[in-house]
Amino acid sequence: RYVFRRTGDGIHIIHLGKTWEKVMVAARAIVAIENPADIIVASQRPYGSRAVLKFSQYTGTNAMAGRWMPGTLTNQITTKFME
């Protein structure tokens, strides 16, 4: 859906129109939440960690960069518990 086409040498060309539409839908969903501290932004991949930390810094959301600890949202005993 988001890949417009693939070139002969294996490079994927991204459909910017569809990607922009989905980014705008996500932005509207985030803006609709009154308290930014209620949002958790997560990325387990190393190349997404910096983006998560920057986004959280500018928007006031909670960042979960790196390994996702089991029980973070459900186990109140853990040190990294977030509600």
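Right above here is the structure, for reference.
Residues numbered from 1 in each chain as written. Predicted model: local features only at pLDDT ≥ 70, side-chain atom pairs only at ≥ 80, totals over all residues. Heavy atoms only, no water.

Draft legend 1. The arrangement of the environment of Met-82 in detail. Relative to the elements of secondary structure, Met-82 occurs in the segment after β4 (62-65). The spatial distance from the C-alpha of Met-82 to the C-alpha of Asp-38 is 9.3 Å, given a sequence separation of 44 residues. Each residue touching Met-82, except ones within four places of it in the same chain, is listed here: Ile-40, Asn-62, Ala-63, Met-64, Thr-72 and Leu-73. (Helix = DSSP H or I, 4+ residues; strand = E, 2+ residues; numbered from the N terminus. Contact = heavy atoms within 4.5 Å.)

Draft legend 2. Region of the structure containing the side chain of Ser-56. For Ser-56, the location among the structural elements is in helix α2 (residues 46-59). Polar contacts involving the side chain of Ser-56 include one to the side chain of Thr-61, which spans 3.2 Å. When residues no more than four places from it in sequence are discounted, the contact partners of Ser-56 are Val-41, Thr-61, Asn-62 and Ala-63. (Polar contact = N/O pair within 3.5 Å; in protein donor to acceptor, adjacent residues only side chain to side chain.)

Draft legend 3. Focus on the pairing of strand β3 (residues 40-43). Side chains Val-41 and Ser-43 of β3 all project onto a buried face; the interleaved residues Ile-40 and Ala-42 project onto a face where none is buried. Inspection of the sheet shows β3 paired to β4 by 4 bridges, in the parallel sense. By the bridge assignment, Ile-40 is partnered in β4 with Asn-62. In the classification by handedness, the crossover that spans β3, the intervening α2 and the parallel β4 is right-handed. (Buried < 20%, exposed > 50% of the residue type's maximum accessible area, 1.4 Å probe, protein only. Pairing = 2+ DSSP bridges. Right-handed = clockwise from strand over helix to strand, strands pointing away.)

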